[in-house]
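Geometric and topological summary
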Number of protein chains: 2
Amino acid sequence: MKTNTINRRNFIQKTSLITSSVGMLSFFNETADAKPIAAEDNIHIIGPKEGFSTHIGTMLSMMTWMRQTMLRSVTGLTKEQLDYLHDEKSNTIGAMLMHLAATETFYRIHTIENVPWGDWSADAKSKWDVPMRLGEDARKSIKGNNLDYYISALNETREKTTAEFRKKDDQWLMQIDPRFFGGKPTNNYCKWFHVCEHESNHNGQIKWIKGRLPGAKEAKE
Amino acid sequence: MKTNTINRRNFIQKTSLITSSVGMLSFFNETADAKPIAAEDNIHIIGPKEGFSTHIGTMLSMMTWMRQTMLRSVTGLTKEQLDYLHDEKSNTIGAMLMHLAATETFYRIHTIENVPWGDWSADAKSKWDVPMRLGEDARKSIKGNNLDYYISALNETREKTTAEFRKKDDQWLMQIDPRFFGGKPTNNYCKWFHVCEHESNHNGQIKWIKGRLPGAKEAKE
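Predicted, not measured: the structure shown is a model, and the values here were computed from it.

**Points about the nonpolar core**
Among soluble globular proteins, nonpolar side chains are generally buried collectively. Formed by 63 residues in total, the largest nonpolar core has its most connected members in Val-74, Ile-93 and Leu-97 of chain A together with Val-74, Ile-93 and Leu-97 of chain B. Sequence-distant contacts of Val-74 of chain A, defined by excluding residues within four places in its chain, comprise Ile-93, Leu-97, Leu-147 and Ile-206 of chain A.

**A closer look at the pattern of salt bridges**
Pairing between side chains becomes possible if they bear opposite charge and their charged atoms approach one another. Residue and element names in this part refer to chain A. In total, this model carries 18 salt bridges over all chains according to the counting rule given. Between Glu-104 and Arg-158 there is a salt bridge, and its shortest N-O distance comes to 2.9 Å. Of the two residues, Glu-104 sits in helix α4 (residues 93-112) while Arg-158 sits in helix α7 (residues 147-167), which places them 54 residues apart along the sequence. Of the charged contacts, one joins Lys-167 and Glu-164 as a salt bridge, the two residues approaching to 3.4 Å between their closest N and O atoms. With Lys-167 and Glu-164 both in helix α7 and three residues apart, this pair spans about one turn of that helix. Glu-164 gets classed as partly exposed once you look at its relative accessible area, which sits at 22%. Through salt bridges with shared partners, a single network forms among Arg-67, Glu-104, Arg-158 and Glu-199.

**A few points about the packing of helix α2 (residues 54-74) of chain B against helix α9 (residues 188-210) of chain B**
Residues and elements named next belong to chain B. At a minimum axis distance of 9 Å, the contact between α2 and α9 shows a crossing angle of 10 degrees. One way to sum up the angle between α2 and α9 is to call them roughly parallel. Contacts between α2 and α9 involve His-55, Met-59, Met-62, Met-63, Met-66, Arg-67, Thr-69, Met-70, Arg-72, Ser-73 and Val-74 from the former and Tyr-189, Trp-192, Phe-193, Cys-196, Glu-199, Ser-200, Asn-203, Ile-206, Lys-207 and Lys-210 from the latter. Looking at the contact of α2 with α9, its residues break down into 11 nonpolar, five polar and five charged.

**Observations concerning the packing of aromatic side chains**
Counted under the stated rule, the structure contains 25 aromatic pairs over all chains. When the ring of Phe-165 of chain A is compared with that of Trp-192 of chain A, the centres are 5.0 Å apart and the planes differ by 80 degrees; the resulting orientation is edge-to-face. Residue Phe-165 of chain A is located in helix α7, and its partner Trp-192 of chain A is located in helix α9 (residues 188-210); the two are separated by 27 residues in the primary sequence. An identical accessibility class is assigned to Phe-165 of chain A and Trp-192 of chain A; each is buried. With a centroid separation of 5.0 Å and an interplanar angle of 85 degrees, the aromatic rings of Trp-117 of chain B and Trp-120 of chain B are classed as edge-to-face. Three or more aromatic residues link up through ring pairs in this structure, and these residues are Trp-65 of chain A together with Phe-106, Tyr-107, Trp-117, Trp-120, Phe-180, Phe-181 and Phe-193 of chain B.

**Some points on unusual backbone geometry**
Residue and element names in this part refer to chain A. Positive phi outside glycine occurs at Leu-134, with the angle close to 55 degrees. You can see Leu-134 is positioned in the loop between α5 (122-133) and α6 (135-141). Judged by relative accessible area, which is 9%, Leu-134 ranks as buried.

**Let's talk about the side chain of Thr-162 of chain B**
All names here are of chain B. Checked against the element boundaries, Thr-162 lands in helix α7 (residues 147-167). The class for Thr-162 is buried, based on a relative accessible area of 16%. In this structure, Thr-162 is in contact with Phe-52 and Leu-60, ignoring residues within four places of it in sequence.

**Regarding the confidence of the model for chain A**
Residues and elements named next belong to chain A. Overall, the predicted model of chain A reaches an average pLDDT of 86, with 80% of residues at or above 70. Taken as a whole, residues 11-34 scores under 50 in pLDDT and shows 59 contacts with residues more than four places along the chain or in a different chain. Both scores are given for the predicted complex: the pTM is 0.85, the ipTM 0.85.

**Concerning the side chain of Ser-90 of chain A**
The topology assignment puts Ser-90 of chain A in the loop between α3 (79-82) and α4. Excluding its chain neighbours within four sequence positions, the residues that come into contact with Ser-90 of chain A are Leu-85 and Arg-139 of chain A together with Trp-208 and Arg-212 of chain B.

**Looking at the environment of Asn-188 of chain A**
Residues and elements named next belong to chain A. Positionally, Asn-188 belongs in helix α9. Given a relative accessible area of 0%, Asn-188 falls into the buried group. Each C-alpha atom, one on Asn-188 and one on His-110, is 9.8 Å from the other, the two residues being 78 residues apart in sequence. A polar contact of 2.8 Å, which involves the side chain of Asn-188, links it to the backbone oxygen of Trp-172.

The rules behind each value
Residues numbered from 1 in each chain as written. Chains lettered and ligands numbered in written order. Predicted model: local features only at pLDDT ≥ 70, side-chain atom pairs only at ≥ 80, totals over all residues. Heavy atoms only, no water. Core = buried A, V, L, I, M, F, W, Y, C linked by side-chain atoms within 4.5 Å. Buried < 20%, exposed > 50% of the residue type's maximum accessible area, 1.4 Å probe, protein only. Contact = heavy atoms within 4.5 Å. Salt bridge = Lys/Arg side-chain N within 4 Å of Asp/Glu carboxyl O. Helix = DSSP H or I, 4+ residues; strand = E, 2+ residues; numbered from the N terminus. Axes fitted to C-alpha atoms, helices over the stretch in contact; angles between N-to-C directions. Parallel < 35°, antiparallel > 145°, perpendicular 65-115°, else oblique. Nonpolar A, V, L, I, M, F, W, Y, C, P; charged D, E, K, R; others polar. Phe/Tyr/Trp six-rings, centres within 6.5 Å; stacked < 30°, edge-to-face > 60°. pLDDT = per-residue confidence, 0-100. Polar contact = N/O pair within 3.5 Å; in protein donor to acceptor, adjacent residues only side chain to side chain.

This is how it looks when you write it as structure tokens:
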């Protein structure tokens, strides 16, 4: 059995300096020309993060990476592009962005406030139920917003999530709900991993639709 | 600073029994009616796994969950459905399945065999380059296979990955390549998280196309 465990402290110690040499670099290979990794360069370093428990920090670093990757797909889109409906079954890119904020919000209420799935307050329901469900109601009501509107909703949601994650520990992350996905035991880590990968699921669809916007030259999937 | 660290050993100890009561359950709440979680019910428990270092086991549990989720979308698809081309820019579902096996294979060669990205052997290139690139060549050559063909390719690839993961430790997972995504420092964890979320990216597209197969009644996105 492997027993190597990396926690935030020794991870930070070991990765605080990396060399500027080309090619794969050993984790421990801190040579004389080592340079610190600038904060803005840390996005592609998945692992424990200062201010969070080991596994929560690691998971949050994935969520942050995923968010940046997804937002890259929508950068520069106009209101008309965000409202573009590819066919009568499609969701707009704007509605999908709102759906991601809704997903994260409901999982926060569910896992942090311990609200059983679906038992949302009238307030939460009136704001998030339509983007959560997508489909016809979302097609009718989520439109006419520019990109900043959606990014603000995503940022505001993520700030709330992050603030709660700071207060939680790995025991919470590993807590098991005896019946959730497929009626099977599901831990909080799995629920939040789903929130994370769900951005990728919709990013795939966003890129698909983006490649077919009126005037689009090339589909990049 | 939170210092709670869960490694495989104490994770297994703490989660080996859960109660059968309804609702959110404390990680430590092992009551008299506790029942062990059956192996097949472990899919939604993300965390360290027996036989792997803490972070590798956790990541592999996400990859396993993601694979099961993605495969649920393609269950029962016929050869004709796997070959269905929605428009001239689209990839077939079959080609996307092969693309996921290609992605995992190239990242294994890159991160485990330390082969610089793109410097593939003639053998690897001839087998995986077309599905990796998708597009026109993939549309021409990846067709006429039934679902088992693609699932075998995915399983064979995952078995190789898993065998290598067993030999690696968290230091390897945290190793930093000074220039990779966006020319920025990128660790192996980030590269493999990308392999994992990439299945979700294509799962989003697979579900989109599946909802538009000839005769499909409803799009489920």
